[in-house]
Amino acid sequence: MSRTGSRTTGRPTLAEVARLSGVSPITASRALRGVSTVAPALVEKVAAAAASLGYVANPAARALASARSQSVVVLIPSLSNQLFIDTLEAIHEVMRPRGLEVLIGNYHYDIAEEENLIRNYLAYQPCGMLLTGFERSDAARQMLAASGVPCVHMMELGGEAGALSVGFSQQQAGRAAARHLIERGRRRLAFIAAQLDPRVMQRAEGFRQALAEAGLQSTELEILAPEPSSIALGSTLFSQLMQQAPDVDGIFFCNDDLAQGAVLQALRQGVEVPREVAMVGFNDLPASAHMVPRLTSIRTPRAAVGRGAAQALLALLDGKRVATEQQDLGFELMVRESS
């Protein structure tokens, strides 16, 4: 026979946890979700009761009871990119005090895979979603619009009218890299990129625009590889570029790992950086400041983007108006020895 107040499955319920800890079910629920307004002493008491009973929360039941779960879905294109790891950490820091679960979907830069993730996650009735960029399938857009789930977009600015975004101008970042190399007296400038996702191509467009404004040719000195970005690929693409255009004197890499691989390959080939070739990376990953020579890079506000997007989503969930539709957090050119 099952315990009084337990489900027919015999599993312990929230009501049992509440009774054992001497609080209401609502307080017990908030304590277990980590809501910051619950007194620490009560949190310990409820946690001890849950542990003694072997209680495990049922998010599906919670969603049915409230018509919305306590989950926030975050969709990112890669878990191997340090950029998104920093962003996710910041999102967790904002959401955890509110007792919200963060569900992560990795769609590997594939919009069809992202569409499937959106379809699957919407079935769990999330209370909000954080999306990377604006490029997605028409079916995904329709599902999001029909769901009524609040959404905030990360890493890019713009998009359709009314869409909230927190990020910076990828195009202006590309322009800044080109202008820096031009100011250093470089005239044979190349762009090396991998992955070729929309944000990479926005950087490429900004780079091309700045070169055109300076009267310099750009497209003949571009290597665009669809493979995932990596140090090994950076090494390979640098060698390829030097074979194609040995007179190149400045390179902008779409990601720091490519640039790091190029710095190492230049050392192996006896190419002096920056005397012969100046290099600029993107994202300013931790290792870049420790390369030999230290790598000039564009520092992106990846943690601030996650924090700002999460805060904007919380404002929407609280019924507040978000004053700024597009939060431009900017970027910073970190000038070091490689340029």
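What you are looking at is a predicted structure, and each value in this text was computed from that prediction instead of being measured.

Caption draft 1: Local environment of the nonpolar core. The biggest cluster of nonpolar side chains holds 48 residues, and the ones touching the most others in it are Ile-251 and Met-279. For Met-279, the contacting residues outside a window of four places in its chain are Phe-238, Ile-251, Phe-253, Ala-259, Ala-262, Val-263, Ala-266, Val-273, Leu-295, Thr-296, Ser-338 and Ser-339.

Caption draft 2: View of the environment of His-108. Inspection of the secondary structure puts His-108 in the loop between strand S2 (101–106) and helix H6 (111–122). Relative accessible area serves as the criterion here: at 49%, His-108 is assigned to the partly exposed category. Distance from His-108 to Asp-284, taken between C-alpha atoms, is 22 Å for residues 176 residues apart in sequence. Beyond its immediate chain neighbours, meaning those up to four positions away, His-108 contacts Pro-77 and Glu-113.

Caption draft 3: How the structure looks around unusual backbone geometry. Residue Pro-274 is bonded to the preceding Val-273 through a cis peptide linkage, with omega at 10°. Mapped onto the fold, Pro-274 is located in the loop between helix H11 (256–269) and strand S9 (278–283). Along the chain, Val-292 connects to Pro-293 via a cis peptide bond; the corresponding omega equals 0°. Its location among the elements puts Pro-293 in the loop between S9 and strand S10 (296–299). One non-glycine residue, Leu-196, lies in the positive phi region at around 60°. Looking at the secondary structure, you find Leu-196 in the loop between strand S6 (189–194) and helix H9 (198–213). By relative accessible area, which is 28% here, Leu-196 ends up partly exposed.

Caption draft 4: Inspection of the pattern of salt bridges at higher detail. Throughout the structure, instances matching the rule amount to 17 salt bridges. In this structure, the salt-bridge partner of Arg-302 is Asp-86, at a minimum N-O distance of 2.5 Å. Residue Arg-302 is located in helix H12 (residues 302–317), and its partner Asp-86 is located in helix H5 (residues 82–95); the two are separated by 216 residues in the primary sequence. Arg-302 sits in the buried class, given a relative accessible area of 10%. A cluster of three or more residues bridged by salt bridges with shared partners is formed by Glu-156, Asp-197 and Arg-199.

Conventions adopted
- Residues numbered from 1 in each chain as written.
- Predicted model: local features only at pLDDT ≥ 70, side-chain atom pairs only at ≥ 80, totals over all residues.
- Heavy atoms only, no water.
- Core = buried A, V, L, I, M, F, W, Y, C linked by side-chain atoms within 4.5 Å.
- Buried < 20%, exposed > 50% of the residue type's maximum accessible area, 1.4 Å probe, protein only.
- Contact = heavy atoms within 4.5 Å.
- Helix = DSSP H or I, 4+ residues; strand = E, 2+ residues; numbered from the N terminus.
- Salt bridge = Lys/Arg side-chain N within 4 Å of Asp/Glu carboxyl O.

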